[in-house]
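Each chain, written out:
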Amino acid sequence: MRAATFLAEALGRALAPLGLTLPGRAVIEPPKDKKFGDLACNCCMLLAKDAGMPPRALAEKLAASLSEGEADIAAADVAGPGFLNVTFTPAFWQRTVRDVLAQGADYGRLRLGAGQKAQVEFVSANPTGPLHIGHGRGAAIGDSVARILRFAGYDVTTEYYINDAGLQMRLLGASILRRYRQLFDPDLPMLEEGYKGEYIGDLAREVRGAHGRALLDMPEAEAADLCYRYGMDAIMAGIRKDMDDFRVGHDVFFSEKSLHAAGKVEEAFAFLRERGHLYDKDGALWFRTTDLGDDKDRVLRKSTGELTYFAADIAYHLDKFRRGFDLVIDVWGADHHGYIPRMKAAVEAMGKDREQLQIILVQLVNLLRGGHQVAMSTRSGEFEELSAVLREVGTDSARFIFLSRKADSKLDFDLDLVKQQSMDNPVYYVQYAHARIRSVARKAGEAGVRLDPETADLSLLTTGTDLDVLKCLERWPEAVEAAARSLSPHHVSYYLQELAGLLHRYYTLNKVLDPAAPALTRARAALLSAVAATIATGLDLLGVTAPETM
RNA sequence: GCGCCCGUAGCUCAGGUGGAUAGAGCAUCUGCCUUCUAAGCAGACGGUCCCAGGUUCGAAUCCUGGCGGGCGCGCCA
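Each residue is numbered by its place in its chain's sequence as written, counting from 1. Each chain is given a letter, starting from A, and each ligand a number, starting from 1, according to the order in which they appear as written. Owing to the predicted nature of the model, reporting of local features is limited to residues with pLDDT of at least 70; listing and counting of side-chain atom pairs is limited to 80 or more, with chain, interface and lining totals taken over all residues.

Draft legend 1. Spotlight on the overall build of chain A. Strands here mean DSSP runs of E at least two residues long; helices mean DSSP runs of H or I at least four residues long; both are numbered from the N terminus. Scanning chain A from N- to C-terminus turns up 20 helices and 15 strands. Reported as C-alpha extents along the three principal axes, the dimensions of chain A are approximately 90 × 65 × 40 Å. A residue pair is marked as a contact if its C-beta atoms, positioned from the backbone, fall within 7 Å. Expressed as a percentage of contacts within chain A between residues at least 6 apart in sequence, the contacts between residues at least 24 apart total 71%.

Draft legend 2. Quick peek at the packing of helix α7 (residues 198–211) against helix α8 (residues 220–245). Where α7 meets α8, the closest approach of the two axes is 10 Å, and the angle between their N-to-C directions is 120°. In this structure, the crossing between α7 and α8 has a hand that is right-handed. Side by side, α7 and α8 meet where Leu 203, Glu 206 and Val 207 of the first sit next to Cys 227, Tyr 230, Gly 231 and Ala 234 of the second. Interaxial angle, 0 to 180 degrees, is taken between N-to-C directions of lines fitted to C-alpha atoms, where a helix line uses only the stretch in contact. A clockwise turn of the near helix away from the far one marks a right-handed crossing, whereas an anticlockwise turn of less than a right angle marks a left-handed crossing.

Draft legend 3. A look at the domain arrangement of chain A. Boundaries between domains were set according to an automatic or database domain assignment. Annotation of chain A at the domain level lists domain 1 (2–88), domain 2 (167–238) and domain 3 (426–542). When each unit is reduced to the centre of its C-alpha atoms, the spacing between domain 1 and domain 2 is 71 Å.

Draft legend 4. Structural context of the sheet that holds strand β13 (residues 365–369). An order of β14-β13-β15 is seen for the three strands of this open sheet, with the pairing classed as mixed. Each edge of the sheet is formed by a strand with only one pairing partner; in this case those strands are β14 (372–373) and β15 (411–414). Contacts from helix α5 (residues 133–151) reach β13 and β15 within the one sheet, and its direction differs from that of β13 by about 120°. In this scheme, strands are said to pair when DSSP sees at least two bridges between them.

Draft legend 5. Inspection of the packing of helix α19 (residues 490–509) against helix α20 (residues 518–542) at higher detail. At a minimum axis distance of 10 Å, the contact between α19 and α20 shows a crossing angle of 155°. Considering their axes alone, α19 and α20 lie roughly antiparallel with respect to each other. When you trace α19 past α20, the crossing you get is left-handed. Across the interface between the two elements, Val 492, Ser 493, Tyr 495, Leu 496, Leu 499, Ala 500 and Leu 503 from α19 touch Val 531, Thr 534, Ile 535, Gly 538, Leu 539, Leu 541 and Leu 542 from α20. Residue polarity follows a fixed list, in which Ala, Val, Leu, Ile, Met, Phe, Trp, Tyr, Cys and Pro are nonpolar, Asp, Glu, Lys and Arg are charged, and the others, Gly among them, are polar. Class assignment for the residues of the contact of α19 with α20 results in 11 nonpolar, three polar and no charged. Throughout this description, any angle smaller than 35 degrees is read as roughly parallel, any larger than 145 degrees as roughly antiparallel, any in the 65 to 115 degree range as roughly perpendicular, and the remainder as oblique.

Draft legend 6. Expanded view of the pairing of strand β6 (residues 155–162). With C-beta atoms placed from the backbone, a residue is labelled by how many other C-beta atoms lie within 10 Å of its own: buried for 20 or more, exposed for 12 or fewer, partly exposed between the two. With six of eight residues buried, β6 is to be regarded as a mostly interior element. Handedness of the β-α-β unit built from strand β5 (residues 117–121), α5 and β6 comes out right-handed. Pairing geometry for β6 and strand β7 (residues 252–255), over four bridges, is parallel. Note that in β7 the partner of Tyr 161 across the bridge is Phe 254. Whether a crossover is right-handed comes down to one check: with the strands pointing away from the viewer, does the path from the first strand over the helix to the second run clockwise; if it does, it is right-handed.

Draft legend 7. Quick peek at the nonpolar core. Core membership is restricted to buried Ala, Val, Leu, Ile, Met, Phe, Trp, Tyr and Cys residues, and these are joined into a nonpolar core through C-beta atoms within 7 Å. In this structure, Leu 84, Ile 148, Cys 227, Val 531 and Ile 535 are the most contacted members of the largest nonpolar core, which totals 160 residues. With 13 residues, the top contributor of residues to this core is α20.

Draft legend 8. Structural context of helix α12 (residues 340–349). In terms of residue burial, α12 counts as a mostly covered element, since seven of its 10 residues are buried. Looking at the residues trailing α12, positive phi occurs at Gly 351, about 85°.

Draft legend 9. Structural view of helix α16 (residues 427–446). To estimate the expected span of a helix, count its residues, drop one, and scale the result by 1.5 Å. Between its terminal C-alpha atoms α16 stretches 28 Å, which fits the 28 Å expected from 20 residues at 1.5 Å a residue. What α16 keeps buried is the set Val 427, Tyr 428, Val 430, Gln 431, Ala 433, His 434, Arg 436, Ile 437, Val 440 and Ala 441. Packed against the buried residues of α16 are α14 (395–402), α19 and α20. Count one or two residues on from α16 and you reach Gly 448, which has phi positive near 75°.

Draft legend 10. Quick look at unusual backbone geometry. At Ser 124, a residue that is not glycine, the phi angle is positive and equals roughly 45°. Locating Ser 124 in the fold gives a position in the loop between β5 and α5. Located in the positive-phi region is Leu 487, a residue other than glycine, with phi close to 50°.

Draft legend 11. Layout of the environment of Val 531. Within the element layout of this structure, Val 531 appears in helix α20. Setting aside its immediate chain neighbours within four residues, Val 531 contacts Ile 437, Val 469, Leu 473, Leu 499 and Leu 503.

Draft legend 12. Region of the structure containing the sheet that holds strand β1 (residues 28–29). Strand order across the open sheet formed by four strands is β1-β2-β4-β3, with antiparallel pairing between neighbours. Two strands in the sheet have a free side with no partner beyond their single neighbour: β1 and β3 (73–79). Where β1 and strand β2 (residues 39–41) come together, two bridges link them in antiparallel fashion. Counted as the bridge partner of Glu 29 is Ala 40 from β2. Strands β1, β2, β3 and β4 (83–88) of the sheet are contacted by helix α1 (residues 2–15), whose axis makes an angle of about 40° with β2.

In C-alpha cells form, the structure reads like this:
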C-alpha cells in the first residue's frame, strides 16, 4: 500500500515536466517474477499516444527521472513492451516494521468506509429448528465481512432477521402441538406437512413438563399459539447459543412480527403507491418491478388478503435505509439468487442506488466424512447440525475453512480432513506461525534478553528472507482493501497463508536469538513481532484465535 | 425454453475491472530435527485455464456460440 502509493506519487512527479499525469487506469502491482523488481507499472503503454513517443522511449525517460530523483528508489528500468520496473531500497522496506509496531492491532486499518454506516444481515434462519452447517458458512462469512468492513472504516451493525410471522411459524406451533398430543395418545399420526425432527419431540415434552395436560382442553388456536411461542423462544435460544459458540455476534435481532405490528408494511405500501409503483389486478396488489429491471411484476398482497414474504421484506429494507445505513449487505443462500432483481428493484423504488444493497450469495455446503457424503436432510440426522460439527472440529477450523473459499462456490466440508491437524486445514499453519513467534519472545524473556523493538537497528535486515517478509508485511493493507471492496474474507485467509509461509521459512533459515549478535537479535525480533501482530490482526478479522502456544 | 453462477495441476481451490514464463496447498517422490515448537523447511513431479471463433500490441480474464455441472424461473418462504 505504502509502496504503491509512493510510486504513484513519484510517477506523478516524473510525468509532470512532460505535461502528463498518471492515468487512473494505470496499474501498479508487483510483477509476476520478482527478478523484475518490487513494483511494475504499465502507464507508459497507456500514455504512449499522449506523450507522442513509443512506450519504451517514455519508459526510459521516466526510469531515468525516478532513479535519479527519488532516494527511496534503488533502480528503475524498462522491460518488455514498455513496463516500468521499480526496485526500492532496503531502507524503504525496513521502515515497514516501524509502521507495524507503531500501529499494532491497527496496522492495516483503512478509511475506505469513511465512517459510512453499513449493515450486514446474515443467518436470519427461520426459528423452526437448529442451525445446520450451511447456516454456519453464512454466519462465518457475514461475521467476517462485518469485521473487515469495520476495520476498513465503516460503522457496522450486524443483524439477524427473525421470520417469526407467517406460515412457517404456524406450522412449528402445530407440529409441536401434535407431538404433545401424541404423548397422551400414541396412536395419533404425525402431522403430514409438519416438522418432524427429534427436537420437536423434545419441545413437546418440555411443554408437557411446564403445562401438564392443560393444552388438551384449550381451543386449538390457543394451544398451537402457546406451542409456537414456546418453541420459537427455545429454538432462538439455541440459535443464539450456537452463534455464541461460533464466535458470531449479532448486534440486533429484528423481528418480522414487529414490522407488521408497527404498521411498517402498510407504510411501505403507501410509500410505493405515492411513487406510482403499485397497481391492483385480479384482486391482488402488485409491485411493478419490471420498470426497475425485474423480469416480471410481483405480488405484495395476495387475493386472499395475505401478504407475501416479499411485502414484508420490502418494509424491512425500507426500515433499514430509514435507520440511516448507507450500505446494506444481505447474506443469502445461493438458491435465492432469483430474488435479487426484485429486491434491487425495491431499493431503487425507495430512491436509493441499487448498489447500496449488496447481496452476498453463499453456496451450499456439502458435508462429507472420509470422502463420503453425510445425509443432509433435516429429518434424517443431526450430523449436519452446526453444534455437532463444532463439537467435532472446533470453531477455529470450521471458520477458517468457510473463509478460505469464495462465498459463491460450492464447498466440500470433510469432517475427517477438517478435524485432522494437518495441512489439509491451513488454520494450523497460520496459527502455528503466530505461536512460534510468541514462543521466541518467551524464550528471549527467559534468557533475560531485552528486545526493545522500538530501538532496533532495522538496517540489519538485509537478506533475501528479510526483504521477502518485509514486502509481504507491507502488502497487508492491500489485502484488507481487496477483502473489503469485494466483501470477500478469503483474501485475508490467502494473505495470512502467504505471510505464515514466509515466516516459517524465515524461522527455519534464521536463528533469531543469537547471544553473539545482540543488535541483529533485536532487529529480527522486531521483524517477528511485526509479523505476529499482523497475523493476529488478520486472524481476528476471520474470527479465529491467535494462540500463544500450540 | 429463459435467467444467474460455475468449469484452472490427480484432489481442494486462488488469480477474473486484459499484461511478462498461469499460482498455492494437498497427494506422490527425494532430502533436512544434539540448535528459538518438524503442526515446520528445501527440492522434484504435475496444465489443451471445458471447446470453437472474435476483439488487440497482448486473453485464464472481455464478446459471441457451443459442451458439461449447479441453482432459479409461484398470488411459496
